[in-house]
Amino acid sequence: TGGRLLDSGRRIERCDPTAKVVRELATADDPAEDGSLDLLLELGDSAMTYRTRYFATVQLPAVLDLLIADDTNPRSLAFQVDVLLDHLASLPPDVDVARLPRQNYLAEEMRSVIRLVDMSRLAVETDGRGRRVRLDRFLRDQQESAESISDALAQTYFTHVLAVRSRGPAESRT
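Residues numbered from 1 in each chain as written. Predicted model: local features only at pLDDT ≥ 70, side-chain atom pairs only at ≥ 80, totals over all residues. Heavy atoms only, no water.

Visitor: Mind laying out the layout of surface pockets, listing which residues take part and the relevant values?
Guide: In this structure, the second largest pocket encloses a volume near 190 Å³. Listing elements by their share of the lining of the second largest pocket, those giving two or more residues are α1 (2–26) and α2 (36–43). Among the elements that make up the lining of the second largest pocket, the one with the highest residue count is α1 (4 residues). In terms of residue class, the lining of the second largest pocket is built from 6 nonpolar, 4 polar and 2 charged. (1 Å grid on protein atoms, 1.4 Å probe; cavity = no way out; pocket = protein on both sides within 12 Å on 5 of 7 lines; lining within 4 Å. Points joined across faces, edges and corners; volume = space filled by probe spheres on them. Helix = DSSP H or I, 4+ residues; strand = E, 2+ residues; numbered from the N terminus. Nonpolar A, V, L, I, M, F, W, Y, C, P; charged D, E, K, R; others polar.)

Visitor: Account for the pattern of salt bridges, with residues named and values stated.
Guide: The tally for this structure, following the rule as stated, stands at 16 salt bridges. For Asp7, the salt bridge is made with Arg11, and the minimal N-O distance between the two is 3.2 Å. One end of the pair, Asp7, and the other, Arg11, are both in helix α1, 4 residues apart, so they sit about a helical turn from each other. Like Asp7, the residue Arg11 is buried in the burial classification. Three or more residues are tied together by salt bridges with common partners; here these are Asp71, Asp82, Glu108, Arg111 and Arg115. (Salt bridge = Lys/Arg side-chain N within 4 Å of Asp/Glu carboxyl O. Buried < 20%, exposed > 50% of the residue type's maximum accessible area, 1.4 Å probe, protein only.)

Visitor: Provide a residue-level description of helix α6 (residues 102–116), including the pertinent values.
Guide: Look at α6: 21 Å from first C-alpha to last across 15 residues, which is about the 21 Å you get at 1.5 Å a residue. Buried residues along α6 sit in contact with α1, α4 (60–69), α5 (77–90) and α8 (133–157). (Expected span 1.5 Å × (residues − 1). Contact = heavy atoms within 4.5 Å.)

Visitor: Can you tell me about the packing of α1 against α8, naming the residues and giving the values?
Guide: Between two packed helices, both the angle of their axes relative to each other and the distance between the axes serve to describe the pair. Packing of α1 against α8 brings their axes to within 9 Å, and their N-to-C directions diverge by 165°. Looking at the two axes, α1 sits roughly antiparallel to α8. For the element pair α1 and α8, the recorded crossing hand is left-handed. Listed contacts from α8 to Leu5, Ser8, Ile12, Cys15, Asp16, Ala19, Lys20, Val22, Arg23 and Ala26 of α1 are Leu135, Asp136, Leu139, Arg140, Gln143, Ala146, Ile149, Ser150, Leu153 and Tyr157. (Axes fitted to C-alpha atoms, helices over the stretch in contact; angles between N-to-C directions. Parallel < 35°, antiparallel > 145°, perpendicular 65-115°, else oblique. Left-handed = near helix turned anticlockwise from the far one by under 90°.)

Without other data, these values stay purely geometric and don't point to any function.
Have a look at this one:
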């Protein structure tokens, strides 16, 4: 259990820098022109994977797909969430709760959002100043989701405070 919790934290922590570096390098101007896409692939340790898979020049939709949604790429957000979900499924359940634990729900939601997003659309839609606002918002949302999963895990497995029930007015008059 300890190893799974430790690796779960590692997976959550990998989501933040991945989303952050993609936000910084891919949401403004033309990242293919200024070398940002090549840098993204190098930082994501995915340059060789890209070159063997896409025998073409570096293009933003393919880079986004590889670094965000490709569940076979060990550096992608999707891969981190899939491994995290495997760990969460193996953790001891909270016997007081009959529903899906919050951290599992949040991780499933994050995986669904990543799988369903249209990378081509995120790559081409820009505002009047050339910024990819939808891509930026999507990546911010993924960072926030990872933080929420971390908070839920901490609440479930590391907070040892019992819930206090307030006494109603009828109970307090005795």
